[in-house]
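Examination of the molecular architecture
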Amino acid sequence: MPFSVQEPQRSSLSISKSSHLQQLEAESIYIFREVVAECENPVMLYSIGKDSSVLLHLARKAFSPSKLPFPLLHVDTTWKFSEMIEFRGKIAAEYGLDLIVYTNSRGLEQGMNPLTHGSSLWTDVMKTEALKQALEKYRYDAAFGGARRDEEASRAKERVLSFRTSTHRWDPKNQRPELWNIYNTRVRNGESLRAFPLSNWTEIDVWEYIHQEKIPVVPLYFAKERPVVERDDMLIMVDDDRLPLRPGEKPVMRSVRFRTLGCYPLSGAIESTASSLPEIIQEMLGSRNSERQGRLIDHDSVGSMEKKKQEGYF
Amino acid sequence: MPYDSHKIQHEPETACTTSAELGLLRFMTCGSVDDGKSTFIGRLLWDSKLVLDDQLTSLESESKRVGTQQGDIDYALLVDGLQAEREQGITIDVAYRFFSTGKRKFVVADTPGHEQYTRNMATGASTVDLAVLMIDARKGVLTQTKRHSFILSLLGVKHIVLAINKMDLVDYSEEQFDSIQFEYASFRASLEFENVEAIPISALHGDNLLNRSANMPWYEGPTIMSYLETVNIKQDVTARPFRMPVQWVNRPHLDFRGFSGTIVSGAVLPGDSVVVPSSGKTSTVERIVTFDGDVERGVAGQAVTVTLTDEIDVSRGEVLSDPRARPDFADQFEAKLIWMHEEPLFPGRHYLLKMGFQTRTAQVSALKYKVNINTLEHLATKTLELNEVGICNFSLDHPVSFDAYQDNRETGSFILIDRYTNGTIAAGMIDFALRRAHNIHWQSVDIHKAARAKLKGQKPFILWFTGLSGAGKSSIANLVEKKLHSLGHHTYLLDGDNVRHGLNRDLGFTDADRVENIRRVAETAKLMVDAGLIVLVSFISPFRSERQMARTMVEDNEFLEVFIDTPLEVCERRDVKGLYKKARAGEVKNFTGIDSPYERPEHAEVIIDGSKDTAEQAALTIFDELDRKRLLSSD
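Residues numbered from 1 in each chain as written. Chains lettered and ligands numbered in written order. Predicted model: local features only at pLDDT ≥ 70, side-chain atom pairs only at ≥ 80, totals over all residues. Heavy atoms only, no water.

1. Topic: the overall build of chain A
Summing up its helical and strand segments, chain A has eight helices and ten strands in all. Across the 314 residues of chain A, 63% fall into the buried class. Restricting the contact set of chain A to residue pairs at least 6 apart, pairs at least 24 apart contribute 73%. Entry remark: accessible area of chain A is about 12100 Å², with carbon and sulfur atoms responsible for 47%. (Helix = DSSP H or I, 4+ residues; strand = E, 2+ residues; numbered from the N terminus. Buried < 20%, exposed > 50% of the residue type's maximum accessible area, 1.4 Å probe, protein only. Contact = heavy atoms within 4.5 Å. Areas by Shrake-Rupley, 256 points an atom, 1.4 Å probe, with all protein chains shown as cover.)

2. Side note on a negative patch on the surface
A contiguous patch of negative charge on the surface is contributed by Glu174(B), Glu175(B), Asp178(B) and Glu220(B). Positionally, Glu175(B) belongs in helix H7 (residues 174–188). (Patch = residues over 30% accessible without salt bridge, like charges linked within 9 Å, V, L, I, M, F, W, Y side chains within 5 Å. Salt bridge = Lys/Arg side-chain N within 4 Å of Asp/Glu carboxyl O. Lys, Arg positive; Asp, Glu negative; His and termini not counted. Charge placed at Lys NZ, Arg CZ, Asp CG, Glu CD.)

3. A word on the packing of helix H1 (residues 20–38) of chain A against helix H2 (residues 50–63) of chain A
Residues and elements named next belong to chain A. The geometry of H1 relative to H2 is characterised by a closest axis approach of 9 Å and an angle of 70° between their N-to-C directions. Taken together, the axes of H1 and H2 lie roughly perpendicular to each other. By crossing handedness, the relation of H1 to H2 is classed as right-handed. Each of Glu25, Ser28, Ile29, Phe32, Arg33 and Val36 in H1 lies in contact with H2, whose residues at this interface are Leu55, Leu58, Ala59, Lys61, Ala62 and Phe63. Of the residues that constitute the contact of H1 with H2, the class distribution is eight nonpolar, one polar and three charged. (Axes fitted to C-alpha atoms, helices over the stretch in contact; angles between N-to-C directions. Parallel < 35°, antiparallel > 145°, perpendicular 65-115°, else oblique. Left-handed = near helix turned anticlockwise from the far one by under 90°. Nonpolar A, V, L, I, M, F, W, Y, C, P; charged D, E, K, R; others polar.)

4. Focus on unusual backbone geometry
Residue Pro65(A) follows Ser64(A) across a cis peptide bond; omega there is 5°. In this structure, Pro65(A) sits in the loop between H2 and strand S2 (72–75). Unusually for a residue other than glycine, Asn387(B) sits at a positive phi of about 75°. Considering the arrangement of structural elements, one finds Asn387(B) in the loop between strand S19 (378–379) and strand S20 (389–402). We classify Asn387(B) as buried; its relative accessible area is 11%. Positive phi, close to 55°, is recorded for Arg630(B), a residue that is not glycine.

5. Examining the nonpolar core
One finds Phe32(A), Met44(A), Phe27(B), Phe40(B), Leu152(B) and Leu155(B) to be the most contacted residues of the largest nonpolar core, which totals 156 residues. Considering each element in turn, this core owes the most residues, nine residues, to H1(A). Setting aside its immediate chain neighbours within four residues, Leu155(B) contacts Trp180(A), Ala122(B), Ala125(B), Ser126(B), Ile338(B), Tyr405(B), Arg409(B) and Met429(B). (Core = buried A, V, L, I, M, F, W, Y, C linked by side-chain atoms within 4.5 Å.)

6. A few points about the sheet that holds strand S26 (residues 559–565) of chain B
Residues and elements named next belong to chain B. Taken together, the five strands give an open sheet; going across it, the order is S24-S25-S23-S26-S27, and neighbouring strands pair in parallel fashion. Strand pairing shows two members of the sheet lacking a second neighbour, strand S24 (491–495) and strand S27 (606–609), which therefore form its edges. Ignoring strand direction, the axes of neighbouring strands in this sheet form an average angle of 15°. Both strand S23 (residues 461–466) and strand S25 (residues 534–538) contribute to a ladder of five bridges, which runs parallel. In the sheet register, Ile462 faces S25, and the bridge partner there is Val535. Here helix H11 (residues 473–486) sits on the sheet in contact with S23, S24, S25, S26 and S27, set at roughly 165° to S25. Set on the sheet, helix H13 (residues 511–530) makes contact with S23, S24 and S25; between it and S23 the angle comes to about 150°. (Pairing = 2+ DSSP bridges.)

Okay, here's the thing in structure tokens:
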């Protein structure tokens, strides 16, 4: 090596005093504090899933010993798993949260349901549109979300702070550069921002953190015998009697769990016996599929997530 | 139990010790479009078995549809995220990828190689510890290699991997590898890297990425992956002076007042004394509070809440510091600036400067030179264009706490924000405080504005006339001054043409000179208001930013913007001075309305329709507004 002035110390693996989870935690807390310090009326989107559970935990850490300085907003489509709703109630009571539940009742009045209208239209009306309605109703200028860059290709390029026009659109060609950790939170009247404190977390990080911090999550993530039907190459859980069975379909008990949670007729289960966190993490490390695979809404068309995001979906 | 966390506690701690204890390495890749950056990252993910089955399925079909490898798998598609760029074959932005091996977690920032390169690369480089610099083995060290190296050095990236790629296309030649290394070594001497590791690879075929290449037995160094897994990148930030910028004041109830923030350097223990640089007041750390209980020692990287033993004044933006090694506290400093916006930098224009949690109004008081990032040559300049790097003196409306960037990345960096678009338009790295900032203080005087105004029996204010050339500004301003004078008021009229004969005779009509023109006249008007005068300013003043700057220089009720709204056609038809004719003929350059923009006021106090109203009518409208605001009464 003619010019290597200083050999890097290869022997030392003491990269830093803090492990990568502590680094990620500190970065997320920083983002929470920054947005709260600079925005007037923030809210946290709470979807009851594992990412939301981690997000909530980090938010409580960020402001302790103060209470959360913002409410939580759940956009409820009325088709969530019943165990999710039960969990939501318990968490809100236990932590004394200011929880707002919003449903696009106009959509329901028009007879929308996820079974006959297809995942795309359903998501558009009951999630994207509902979210816009809620944000406008309560005039939030900043909304925290649990999106991660490792989830999907178009998320990989989204900033930690993502700006939305007054009609909630995202313009991927006009993002502000984010340098160091100096965040520019300024918006004009009517514009808003979405903040993603989990941007640099991966799915494995989320699970390892849940394990390390003993964060409660919805039991649907753990394998259990559950009534399912096989439909369009997916295992759909029969969560209540609203799911009409097709000819020949008969619910059977299988040991399944969920990697992501949403509306139950649109959330595919995976066959698994992982009933504890270490087992889930072990299963993930050996997994050959990405987590959004079980989601109908991402597969509609190539670049579908990008389109949804431009329209205002989280 | 629906969400029983206790169940977790009883599980044997087996699977989770694999990667949770590891640190994080953030790195980036640099190189131009065809150097194979995306292929390199795609291949790393691929070889690390991090491409999952469903992603593989979509990768195969995408490779056939839009791939550049004749239907074979195009690894680059794994990292090119947005649909628009997949179709155009370019990367628009910085993309982040995450992967881990048995030894480390990685975050990769992938930056594109087109014309926005400097901006995107600087953005990526601001958060990484290491950069992989791709060099095409056939081409060697190119101008762009030097450019990338300079930007990395500027942003303070200390560790470089020189990935000499496409070795398969030079027959895996050791001589070629050595000569590129040697060439780079002579160049890097001028840059501040701690170490540079050259590794010969073929990204497309995977040579020396994860596995040692059988084609290059002569190479004995580490593979890319083994190097990334083991390089020690952390300088000992805990050994540096303690700094904790206060991000949020934590006040749950009257008995608790904590300061929440992330420790950016050094360490702190209860009992340590800390100083607040703005006031120079010191106090003692009482507790270091976290959600998980108090800690005995807070170190760099931790997000904590600190309480102090004294009730001293501390607000968001203050930097709690070691009193034995304080940061600078000044309102003037020299900094390197990377300009990131289509509209160029104008010295004298007011921008917002955000540094840590402190936001100030700032202007470039002197643009010393710009750096040609290809040759590192210093060039004289009046502005900075998109992607240019300059060395500037800054002047702020209030002092900030800071360190030199080379001593502390967190407390020495800032961004500039456009006050109208709210866009982030520049990145800055502080070199040092200007000495004069320490020495020039406001001289306090006993006779002040109110006393001077009282003697004149009037309220001082500025009437700022703006509008196109020939709109009628000067005639109206002249008439208004005559009326004010006849009512016994003390006035002064600053007219654009007249001032350009004296104070501003060194200025031309470029955008940069126009900005300076208005800055000087605004400062002059401010002094006159301070002297108790009513000041009429009649300048085209085409830019919103400068009119806003003038407005903020005086108090709220001391500035009235009068927009003489005369359509261009009308002004051109009048053409009192014959200037429109000359501008149309190309004899006068940078003429407002013709080849230089006029930004209409958004919130002018008075708007005059210059195509209809006579000067007399306009003056009456202005007097109505002055009466309404009670500016002409002396009480």
